[in-house]
Amino acid sequence: KPRKLSEWAGTWQSTYPLLQSGALDGVMAHKAKDGTKTAAEYKAYYEAAYKTDVTTITIKGNSVEFKSAHGTEKASYKAAGFYIRTKSDGSRQVRYKFERTTKKGGAPKFIVFSDHNFAPAKPEHFHLYAGDDGFDSLVEEGAHIPTYYPAQLSAREIAAEMTGEADAEYDE
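> I keep staring at the sheet that holds strand S3 (residues 63-68) and nothing clicks. Help me out?
Consider a sheet: its strands pair through backbone hydrogen bonds, and that pairing is either parallel or antiparallel. Taking strand neighbours around the barrel as the criterion, the 8 strands line up as S1-S2-S3-S4-S5-S6-S7-S8 in a closed arrangement whose pairing is antiparallel. With direction set aside, neighbouring strand axes in the sheet form an average angle of 35 degrees. The sheet contact formed by strand S4 (residues 71-86) and strand S5 (residues 92-100) spans 8 bridges and is antiparallel. Counterpart to Tyr77 in the pairing with S5 is Arg100.

Structural data, given as structure tokens:
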């Protein structure tokens, strides 16, 4: 179902700095228990997957503010529909598309949210794809999945959510 940008309202933090600092090493060890990859191999995979310069995103109404070490960019966006995709394993995902309405500035022209919801709902986290070349390059599956959690969560709380262990013993 169609969704409004305001459903992602709030301030969100990137998981990339947490991964770089070692705060998610316990998550990588947890993933390694499946035997598919070592913790180091998972960390290398997520190093590429989570990589982004945007450390914080703040959403208010139709406005999105992107903060990075290079500065802050802000723009207004309008809903541009959604895209349903079927993955190779048969599961489905929905990508919610928004187009910048602000004429000038360095904020991306197109942003796409994937938060594992198929209808209006408050997300626990989301993946944000952004660019200036149109939606086609942003809606398909890829290995790059910049991921954001609520800014008020600690690294320990994010690790617990990622592993499904509410009382996880991970260093912050």
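Having put the structure on the table, let's press on.
> Teacher, can you tell me more about the packing of helix H2 (residues 25-32) against helix H3 (residues 39-50) here?
The packing of two helices is summarised by the inter-axis angle and the distance between the axes. The interhelical angle for the contact between H2 and H3, taken along N-to-C directions, is 120 degrees, at an axis separation of 8 Å. Overall, the two elements H2 and H3 adopt an arrangement that is oblique. At the point where H2 passes H3, the crossing takes the right-handed sense. Counted together, Asp25, Met28, Ala29, Lys31 and Ala32 of H2 and Ala39, Tyr42, Lys43 and Tyr46 of H3 form the full contact between these two elements. Residues belonging to the contact of H2 with H3 are distributed by class as follows: 6 nonpolar, no polar and 3 charged.

Conventions adopted
- Residues numbered from 1 in each chain as written.
- Predicted model: local features only at pLDDT ≥ 70, side-chain atom pairs only at ≥ 80, totals over all residues.
- Heavy atoms only, no water.
- Pairing = 2+ DSSP bridges.
- Helix = DSSP H or I, 4+ residues; strand = E, 2+ residues; numbered from the N terminus.
- Axes fitted to C-alpha atoms, helices over the stretch in contact; angles between N-to-C directions.
- Parallel < 35°, antiparallel > 145°, perpendicular 65-115°, else oblique.
- Left-handed = near helix turned anticlockwise from the far one by under 90°.
- Contact = heavy atoms within 4.5 Å.
- Nonpolar A, V, L, I, M, F, W, Y, C, P; charged D, E, K, R; others polar.

Worth remembering: the numbers are spatial, not functional.
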